[in-house]
Amino acid sequence: MKSVRLRLLLVSIFSIIAVTIVALTASLVSLSRMEKEDSEKLVESICETEKEKMNAILSGVQQSVNIMTEIALEEFPGLDIIKDENMLNEYNEKMAEEFISISNHTESIHTLFYRYNIDLFGPTAGFWYGLSNGIMTSKPTTNLSLYDKYDIQNSAWYHIPAEQGKAAWIEPFFNEDLGIYVISYVSPIYYQRTFIGVIGIEIDFTIFTEMINEAYTYIDGSAYIVNKYDKIMYHKDYEFKEDKPTVSDKTVEVKSKLFNDMSVVVSIDKNNISREGKEGKLTILITVIITTIIGLVVSGYFVITSTAPIKELTRVSKELQDGNFNVTIRCTSHDELGDLANGLQIGLNEVNERLENVNRLAFTDSLTGVFNKTAYVDHSLRINKDIENRKFAIVVLHLFNLIPMNEKFGREMGNEFLISATQFIQSVYNKSNIYRITGGLFTIILEDSEYERKEYLFKKFNEELRQQQIIIEQDEVDLPIAIGMSEYNKLRDRTLEDVYARADKYMQVNRGKIRENSSRNHEE
């Protein structure tokens, strides 16, 4: 009896070992082919991801400059009037205030400027503001007559858009005043076909170099930025404006163009995925082999008679391969397989809990408890992927007295002021995703049922806002929240950012009315 049992056990063990060896061999062969395919997909994915992140910043700069240009034209008093020095100074002060307000919503901005036509107003006319200790501070304007028009730092930013007659990106250059590399976006402004001047923004190029350096953590290759002439703008191993490295036949390279005619380039050896990935796969294979051998040797008899737990664990394994960690293991076996299932379930529960904590920390604003800008960018990217099939609206809100509140009563009271405003916004848009972008700027994406109720919620917000007051040092203070809303129109909107820009403009108009009404009430 024992010899028969032994023979059956040995036959079963050797059969399973043979099948396991064949399966592992086929898996390794398949895996070697997949690694090459994965390397190409990895390069494309990383390049596209970095491009989208950079384009989001560039798009924000373009939108800000476009809004600044529109405001400058709307407020321009006319050529004859503006030549009066008092009128010019008054116009400059008003534009500087509006531009600084817009710059607060632009990521990585370091300078903004409005320079006038040197033939009409002289070589130093206009204003220039630079970031100093986190505050936009007025700086002396450059005397454009002292520099050649091709001088990239001192005058090209003026002459290029002026000669082209349209907005232009100026490739990165070292700003000696700021001590950093910057990128400029400059737009010419015309009044009744007469060239008035240029309006522009400079942003810190470091934010792009940091994105490129971050890409190195995902690949065992290289990532860099080039201009339209394939000159290096940033590469950790090459000098600024060197020629782009040559590509060998063994290298996979993807090049993706940005809004400003620069390109992101990511390359990797065809036979080389990250070292950590290879070591991890090898560890998994060794673990599978050792676990299989131990399981066969220790519990061969139970492998033959107890197939249900194995099938359940196989199902769970497939779920894990598909990336689903939120899985429940249904196993009632009171043996080693049961212990293995219980241990795996505990591990999965801990992984899910940690993933939830990581996602919550990554996507939540620590002060107000609503979603943060990272969550907004993630949501907007998902919408843009199939925007033509979406119905949504964007609401932009701005608590615009936050900085004066911080200066007058201190940051702690300013935080309470911001939290109170957030709670009021949540009380109206209580089923929507609310994102705090920066400072007192919030954005809401209305979809599904909230999209259908957009007009009602917008009206309700404005009605209840009039009744909202908070107590600061025994005084009741209104909540100065400006609001703008716009819905997606597939005939004119290409991306979510187009809808946002329109809602932001409506918010700025509403903010101007609130300030005007407030000034009128104070005068009365």
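Here the structure is shown first, and the text comes after it.
Residues numbered from 1 in each chain as written. Predicted model: local features only at pLDDT ≥ 70, side-chain atom pairs only at ≥ 80, totals over all residues. Heavy atoms only, no water.

Peer 1: Where do I start with the overall build of the chain in this structure?
Peer 2: From N to C terminus, the chain includes 15 helices and 16 strands. Here the chain holds 524 residues, and 41% of them are scored as buried. Across the chain, every contact between residues at least 6 apart in sequence was considered, and the portion connecting residues at least 24 apart equals 58%. Total accessible area on the chain stands at roughly 29,600 Å², and carbon and sulfur atoms take up 51% of it. (Helix = DSSP H or I, 4+ residues; strand = E, 2+ residues; numbered from the N terminus. Buried < 20%, exposed > 50% of the residue type's maximum accessible area, 1.4 Å probe, protein only. Contact = heavy atoms within 4.5 Å. Areas by Shrake-Rupley, 256 points an atom, 1.4 Å probe, with all protein chains shown as cover.)

Peer 1: Would you mind going over helix 14 (residues 454-465) with me for this structure?
Peer 2: Side chains that are three or four residues apart share a direction in an α-helix, a result of its 3.6 residues per turn. Taking 1.5 Å as the rise per residue, helix 14 with 12 residues should run 16 Å; its terminal C-alpha atoms sit 16 Å apart, in good agreement. Three or more residues of helix 14 are buried, namely Lys454, Leu457, Phe461, Asn462 and Leu465. Along the axis of helix 14, the buried positions cluster into a sector of 130°, meaning they face one direction only. For helix 14, the elements touching its buried residues are strand 11 (392-399), helix 12 (411-428), strand 13 (441-447), helix 13 (448-452) and strand 16 (481-487). (Expected span 1.5 Å × (residues − 1). Arc of directions from axis to C-beta.)

Peer 1: Explain the nonpolar core here, please?
Peer 2: Generally speaking, nonpolar side chains in soluble globular proteins are found buried as a group. If you look at the biggest cluster of nonpolar residues, it comprises 56 residues, and the most contacted ones within it are Phe99, Leu112, Tyr114 and Phe208. With 12 residues, helix 1 (residues 2-75) is the single largest residue contributor to this core. The contacts of Tyr114, once residues within four sequence positions are left out, are Ala72, Tyr91, Met95, Phe99, Ala125, Gly126, Phe127, Ile189, Ile196, Val198 and Ile199. Core analysis: the second largest hydrophobic core is formed by 27 residues, Ala421, Phe424, Leu465 and Leu479 among them. (Core = buried A, V, L, I, M, F, W, Y, C linked by side-chain atoms within 4.5 Å.)

Peer 1: Please explain helix 5 (residues 156-164) as it appears in this structure.
Peer 2: Regarding helix 5, the residues found buried are Ala156, Trp157, Tyr158, His159 and Pro161. Of the residues one or two after helix 5, Gly165 is the one with positive phi, at around 75°.

Peer 1: In this structure, what is going on with the side chain of Arg436? I would like to understand it.
Peer 2: For Arg436, the position within the fold is in strand 12 (residues 433-438). Among all residues touching Arg436, those that are not within four sequence positions of it are Asp365, Leu367, Thr368, Val370, Phe371, Asn372, Lys373, Leu418, Leu441 and Phe442.

Peer 1: Where do I start with the sheet that holds strand 6 (residues 194-204) in this structure?
Peer 2: Hydrogen bonds between backbone groups are what pair the strands of a sheet, and the pairing can be parallel or antiparallel. The 6 strands lie next to each other as 3-2-1-6-5-4, forming an open sheet whose pairing is antiparallel. The two strands at the open ends of the sheet, each matched to only one other strand, are strand 3 (135-139) and strand 4 (168-175). Strand-to-strand, the axes of this sheet are offset by a mean angle of 25°, without reference to chain direction. Note: strand 1 (residues 109-116) against strand 2 (residues 126-132), 5 bridges, orientation antiparallel. Within strand 2, the residue paired with Arg115 across the bridge is Gly126. (Pairing = 2+ DSSP bridges. Axes fitted to C-alpha atoms, helices over the stretch in contact; angles between N-to-C directions.)

Peer 1: Got a minute to help me understand a nonpolar patch on the surface in this structure?
Peer 2: A surface patch of nonpolar side chains, about 250 Å² in accessible area, is lined by Phe174, Tyr181 and Phe240. Note on placement: Phe174 falls in strand 4. (Patch = residues over 30% accessible without salt bridge, like charges linked within 9 Å, V, L, I, M, F, W, Y side chains within 5 Å. Salt bridge = Lys/Arg side-chain N within 4 Å of Asp/Glu carboxyl O.)

Peer 1: Help me out: how do you make sense of the pattern of salt bridges in this one?
Peer 2: When the charged atoms of two side chains lie near each other, side chains of opposite charge can form a pair. The tally for this structure, following the rule as stated, stands at 19 salt bridges. Two residues, Lys255 and Asp230, come together in a salt bridge whose shortest N-O distance is 2.6 Å. Residue Lys255 is located in strand 9 (residues 251-257), and its partner Asp230 is located in the loop between strand 7 (221-226) and strand 8 (232-234); the two are separated by 25 residues in the primary sequence. A salt bridge links Asp493 to Arg502; the shortest N-O distance between them is 2.8 Å. Pair check on accessibility: Asp493 and Arg502 agree, each one buried. One salt-bridge network, in which partners are shared between bridges, spans Glu50, Lys53 and Glu214.

Peer 1: Looking at this structure, I do not really get the packing of helix 12 against helix 14. What am I missing?
Peer 2: Geometry of a packed helix pair, given as the angle between the helix axes and the separation of the axes. The N-to-C vectors of helix 12 and helix 14 enclose an angle of 140°; their axes lie 10 Å apart at closest approach. Compared by their axis directions, helix 12 and helix 14 come out oblique. Our pair here, helix 12 against helix 14, has a crossing hand that is right-handed. Contacts from Phe424, Ile425 and Val428 in helix 12 reach Leu457, Lys460, Phe461, Glu464 and Leu465 in helix 14. By residue class, the composition of the contact of helix 12 with helix 14 is 6 nonpolar, no polar and 2 charged. (Parallel < 35°, antiparallel > 145°, perpendicular 65-115°, else oblique. Left-handed = near helix turned anticlockwise from the far one by under 90°. Nonpolar A, V, L, I, M, F, W, Y, C, P; charged D, E, K, R; others polar.)

Peer 1: Where do I start with the packing of aromatic side chains in this structure?
Peer 2: Think of a pair of aromatic rings as described by two things: how far the centres are apart, and how the planes are tilted against each other in angle. Applying the stated rule across the entire model yields 22 aromatic pairs. Ring geometry for Phe174 versus Tyr181: centroids 5.3 Å apart, planes at 70°, classification edge-to-face. Among the residues examined, Tyr181 registers a relative accessible area of 33% and is labelled partly exposed. Look at Tyr190 and Phe195: their rings are 5.6 Å apart centre to centre, the planes differ by 55°, and that puts the pair in the tilted class. Given the relative accessible area of 31%, Tyr190 is considered partly exposed. Members of the aromatic cluster, connected to one another through ring pairs, are Phe76, Tyr91, Phe99, Tyr114, Tyr116, Phe121, Phe127, Tyr129 and Tyr191. Over the aromatic face of Tyr451 sits the side chain of Lys454, whose NZ or CZ is 4.1 Å from the ring centroid. (Phe/Tyr/Trp six-rings, centres within 6.5 Å; stacked < 30°, edge-to-face > 60°. Lys NZ or Arg CZ within 6 Å of the ring centre and 35° of its normal.)

Peer 1: How should the pairing of strand 16 be read in this particular structure?
Peer 2: Most of strand 16 is tucked away: 6 of the 7 residues are buried. As paired elements, strand 11 and strand 16 share 7 bridges and run antiparallel to each other. From the neighbouring strand, Ala393 faces strand 16, where its bridge partner is Glu487.

Peer 1: Teacher, can you tell me more about the sheet that holds strand 16 here?
Peer 2: In spatial order, the strands read 12-13-11-16; together these 4 strands make up an open sheet with antiparallel pairing. Since the sheet does not close on itself, it has two edges, and those belong to strand 12 and strand 16, each with one partner. On average, each strand axis in the sheet is tilted by 20° relative to the strand beside it, whichever way the strands run. In this fold helix 10 (residues 373-385) packs onto strand 11, strand 12 and strand 13, with an angle of close to 120° to the strand it touches most, strand 12.

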